[in-house]
Amino acid sequence: MNFSRQTLLGIAMMIGGSVVLYAMVQQIGTEDNKVASDPVIAIKSSATGQGSANEPLTTDIETEQRILAQKQKEREARVAEQERRTKAFLAEQEQAEAKALAKARAENQQYVSNAAEPVSGENSPEAAIATPKVVPRTDSAAVVTNTATPQVQARPTSQPSNTAAAAEAKQKQAEREKLAAQKREAEQKAAAKNAEDDKQLKARLAAQQQAEQKKREQQRAEQLKAEQQAAQQKAEEAKRKSAPTRPTNYVVQRGDGLIRLARQYNVPVEVLAQANNMKSAQDLRVGQEITIPSQRQISRLQREAQEARQRQEAAKTAQQRLAAARQEAARGEAKGTFGVQVALADNQEKADEVAKKLRAAGYRVSTSQTSRGVRVIVGPETGKPAALALKDKINADPKAGVNSAWVLYWR
């Protein structure tokens, strides 16, 4: 009777613990599903709202990161709360199991004590001889040991209790493994959810950067278009204020100057001064009459000015070469005597005019009668390099007025 009651009590405790455990697991699973589903629903709803309304992306990167960090903290708090509840549930289950096991052991001990009571008096010799001493075994059996009496094995009364405890421990281990598996699954879901949130955040940041890049490119295109329009307007305005098609005489008024008139008629200052045989910095007098050159004259004067600058550069280079060649000749490194013929006149009078002009420009000139006419020669120079440099200088010198000089051997 006692054995059946103990067995029924253990079975009832196991069933009750299983029901409580199942209820707690169902509650934890429900909370996990709620935790896992709420951010997804929120993200889906936000994504649906964004797609339907076609609203522009206005949230900056720092706000997105702050929202993501806040959601991460909330998820960590919920996971910590689940772990705390699980630990509390396990502690309560262990306490209930310990109480049930202690109660089963107490009833088993009471049953063993009742079974070991003697039939007759304890002080009688028959009781000392006939009554064995019962000692419970640790391996679910009881052995009676006595030096004066034979060993008698008692009934295995504790085996049902130990079997129930083993089954209960096995069930407890299975439940722990189940809870651990559920915890791992929850952690995996949380990690997957975090990865999905990070992916969505990166996608939104990439979209925002792409939109900003597109906006910057559009602004640059608009700025370039505005600059082109401004340049076109400026060109049209300059065209309206361009130089006249024919030369125009202008009487200088008070406050006029070359720079002001050049801007007014869209003529370079140097060209305006050159057209009037003036210098760029020369002042104008009130009532003075000057010529405003036409577009054709401006082109010709600019070309002549460019050629003059080129001749000046060539003359400067030739002068440097001539100085170097003359130094070589002074050291005795040059051989031969050469001259530069600049003209071949029909008579002596024309030859003297050319020679006079060259002497005014600073050259040593001599004339000689030939069968073809009067030859005008500049020189002599020692060494052919010096003569070539002198020829280039004469051709580039605007004061000489010569552009076809050539070198010949001095005789």
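The text that follows walks through the structure, step by step, so that each part is easy to find. Note that this is a predicted model, so its numbers are computed, not measured.

**Quick look at the overall build of the protein**
Line of reasoning, step 1. The helix and strand tally for the protein stands at nine helices and eight strands.
Line of reasoning, step 2. Expressed as a percentage of the 411 residues in the protein, the buried residues total 23%.
Line of reasoning, step 3. In the protein, once contacts between residues fewer than 6 apart in sequence are set aside, the share between residues at least 24 apart is 66%.
Line of reasoning, step 4. In the form shown here, the protein has an accessible surface area of approximately 28500 Å², with 52% of it arising from carbon and sulfur atoms.

**Remarks on helix α9 (residues 384-396)**
Line of reasoning, step 1. Across its 13 residues, α9 extends 19 Å between first and last C-alpha, which sits within 8% of the 18 Å expected from 1.5 Å per residue.
Line of reasoning, step 2. Among all positions in α9, only Ala386, Ala387, Ala389, Leu390, Ile394 and Ala396 are buried.
Line of reasoning, step 3. Tucked into the core, α9 has its buried residues touching α7 (295-330), β5 (337-345), β7 (374-382) and β8 (406-409).

**Points about the pattern of salt bridges**
Line of reasoning, step 1. Counted under the stated rule, the structure contains 18 salt bridges.
Line of reasoning, step 2. Close ionic contact of Glu64 with Arg204 constitutes a salt bridge, the shortest N to O distance being 2.7 Å. With Glu64 in helix α2 (residues 61-115) and Arg204 in helix α4 (residues 159-240), this pair connects stretches of sequence that are 140 residues apart.
Line of reasoning, step 3. Residue Glu64 is classed as buried on the basis of its relative accessible area, which comes to 8%.
Line of reasoning, step 4. Shared partners join several salt bridges into a network, and the residues in it are Glu94, Glu97, Lys172 and Arg176.

**A word on unusual backbone geometry**
Line of reasoning, step 1. In this structure, Pro380 follows Gly379 across a cis peptide bond, with omega equal to 10°.
Line of reasoning, step 2. Checked against the element boundaries, Pro380 lands in strand β7.
Line of reasoning, step 3. The phi torsion at Asn266 lies on the positive side, around 55°, for a residue other than glycine.
Line of reasoning, step 4. Here Asn266 shows up in the loop between α5 (258-264) and α6 (269-275).
Line of reasoning, step 5. Its identity is not glycine, yet Asn277 carries a phi of approximately 55°, on the positive side.
Line of reasoning, step 6. Mapped onto the elements, Asn277 comes out in the loop between α6 and β4 (289-292).

**As for a nonpolar patch on the surface**
Line of reasoning, step 1. On the surface, a cluster of nonpolar side chains totalling about 390 Å² of accessible area is made up of Leu8, Ile11, Ile15 and Val19.
Line of reasoning, step 2. Along the chain, Ile11 turns up in helix α1 (residues 2-53).
Line of reasoning, step 3. Since its relative accessible area comes to 42%, Ile11 is described here as partly exposed.

**Observations regarding the sheet that holds β8**
Line of reasoning, step 1. Strands sit in the order β6-β7-β5-β8 across an open sheet of four strands; the sheet is antiparallel. Of all the strands in the sheet, the pair left with one neighbour each is β6 (365-369) and β8. Pairs of neighbouring strands in the sheet enclose a mean axial angle of 45°, with direction left out of account.
Line of reasoning, step 2. In this structure, β5 lies alongside β7, joined through seven bridges in antiparallel fashion. If you follow Ala343 over to β7, its bridge partner there is Val376.
Line of reasoning, step 3. Along the sheet, α9 makes contact with β5, β7 and β8, crossing β5 at roughly 30°.

**Let's talk about the nonpolar core**
Line of reasoning, step 1. Residues Val342, Leu358, Tyr363, Val378 and Ile394 are the most contacted members of the largest nonpolar core, which totals 21 residues.
Line of reasoning, step 2. Once residues within four sequence positions are removed from consideration, Leu358 is found in contact with Val342, Tyr363, Val365, Val376, Val378, Ala400 and Val402.
Line of reasoning, step 3. Tyr250, Val252, Val267 and Leu284 belong to the second-largest nonpolar core, a separate cluster that totals 15 residues.

**Thoughts on the side chain of Gln93**
Line of reasoning, step 1. Note that Gln93 resides in helix α2.
Line of reasoning, step 2. The exposure class of Gln93 is buried, given its relative accessible area of 11%.
Line of reasoning, step 3. In contact with Gln93, other than residues within four places in its own chain, are Leu21 and Glu175.

**Some words on the packing of aromatic side chains**
Line of reasoning, step 1. Summed over all chains, the structure comprises one aromatic pair.
Line of reasoning, step 2. Taking the centre distance of 6.2 Å and the plane angle of 70° together, the rings of Tyr250 and Tyr265 count as edge-to-face. One end of the pair, Tyr250, is in strand β3 (residues 248-251); the other, Tyr265, is in the loop between α5 and α6, and 15 residues separate them in sequence.
Line of reasoning, step 3. Given the relative accessible area of 17%, Tyr250 is considered buried.

Conventions and cut-offs
Residues numbered from 1 in each chain as written. Predicted model: local features only at pLDDT ≥ 70, side-chain atom pairs only at ≥ 80, totals over all residues. Heavy atoms only, no water. Helix = DSSP H or I, 4+ residues; strand = E, 2+ residues; numbered from the N terminus. Buried < 20%, exposed > 50% of the residue type's maximum accessible area, 1.4 Å probe, protein only. Contact = heavy atoms within 4.5 Å. Areas by Shrake-Rupley, 256 points an atom, 1.4 Å probe, with all protein chains shown as cover. Expected span 1.5 Å × (residues − 1). Salt bridge = Lys/Arg side-chain N within 4 Å of Asp/Glu carboxyl O. Patch = residues over 30% accessible without salt bridge, like charges linked within 9 Å, V, L, I, M, F, W, Y side chains within 5 Å. Pairing = 2+ DSSP bridges. Axes fitted to C-alpha atoms, helices over the stretch in contact; angles between N-to-C directions. Core = buried A, V, L, I, M, F, W, Y, C linked by side-chain atoms within 4.5 Å. Phe/Tyr/Trp six-rings, centres within 6.5 Å; stacked < 30°, edge-to-face > 60°.

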